[in-house]
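# Commentary on secondary and tertiary structure
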Amino acid sequence: KIDCYSMIDDLKTPLRKLIFNNSTKMEVHLEDGRVIIIPLFYFHSIKKLTVKQRKNYKIVDDQNFIFQNQNEMYNITQILGNEKYYSHSFIDNMD
């Protein structure tokens, strides 16, 4: 039995790329060759993006990714199921 939560602390492998082959799943490719496939129903805000918007992402600090048309940053640990500790939103304006 693999404990994903213990893997979170040890995960140092950088993100390499994201692939969206269809509207229901996301492939997260890691530098060490592993591929994690996850249903988008766990990421409602990504699921709402168009195909074109999903292709417009950026990897930040090897462990996070963002989309140009969104104000949320995602961490690799969210892919492994511990999003409550790594969910971040940007502040649009600081009036």
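Quantities reported herein were computed from a predicted structural model and do not represent experimental measurements.

Here we come to the overall build of the protein. Broken down by element type, the protein carries four helices and seven strands. Scanning the protein from its N terminus toward the C terminus, one meets helices and strands in the order α-β-β-β-α-α-β-β-β-α-β. Across the 95 residues of the protein, 36% fall into the buried class. Long-range pairs, those at least 24 residues apart, make up 34% of the contacts in the protein between residues at least 6 apart in sequence. When the accessible area of the protein is evaluated, it comes to approximately 6,500 Å², of which 50% is carbon and sulfur surface.

This part is about the pairing of strand β5 (residues 64-67). Here strand β4 (residues 57-60) runs beside β5; their pairing, made up of four bridges, is antiparallel. Its bridge partner being in β5, Lys58 is matched across the sheet by Ile66. In this structure, the hairpin formed by β4 and β5 is closed by a connection of three residues, where Asp61 is found at a positive phi of approximately 55°. Across three bridges, β5 lies against strand β6 (residues 72-75) in antiparallel orientation. Bridge pairing in β6 links Phe65 to Tyr74. From the end of β5 to the start of β6, which pair antiparallel, there are four residues.

As a further point, take the confidence of the model for the protein. In regions of low pLDDT, the predicted coordinates are not meant to be interpreted in detail. Averaged over all residues, the pLDDT of the protein is 79; the fraction at 70 or higher stands at 73%. Ignoring residues within four places in sequence, the model shows residues 90-95, a span with pLDDT below 50, making five contacts including any to other chains.

The next thing to look at is unusual backbone geometry. With phi around 55°, Asp61 is a residue other than glycine that occupies positive phi space. With respect to the element layout, Asp61 can be found in the loop between β4 and β5. One non-glycine residue, Asp62, lies in the positive phi region at around 65°. Within the element layout of this structure, Asp62 appears in the loop between β4 and β5.

Counting 18 residues, the largest nonpolar core has Met26, Val28, Ile46, Phe65, Phe67 and Ile79 as the members making the most contacts within it. Those elements giving two or more residues to this core turn out to be β1 (15-19), β2 (25-30), β3 (35-39), β5 and α4 (76-79). Counting residues per element, this core draws most heavily on β2, which supplies three residues. Apart from residues lying up to four places away in sequence, Ile46 is in contact with Phe20, Met26, Leu40, Arg54, Phe65, Phe67, Gln70 and Tyr74.

Here is what the cut-offs are and how they apply
- Residues numbered from 1 in each chain as written.
- Predicted model: local features only at pLDDT ≥ 70, side-chain atom pairs only at ≥ 80, totals over all residues.
- Heavy atoms only, no water.
- Helix = DSSP H or I, 4+ residues; strand = E, 2+ residues; numbered from the N terminus.
- Buried < 20%, exposed > 50% of the residue type's maximum accessible area, 1.4 Å probe, protein only.
- Contact = heavy atoms within 4.5 Å.
- Areas by Shrake-Rupley, 256 points an atom, 1.4 Å probe, with all protein chains shown as cover.
- Pairing = 2+ DSSP bridges.
- pLDDT = per-residue confidence, 0-100.
- Core = buried A, V, L, I, M, F, W, Y, C linked by side-chain atoms within 4.5 Å.

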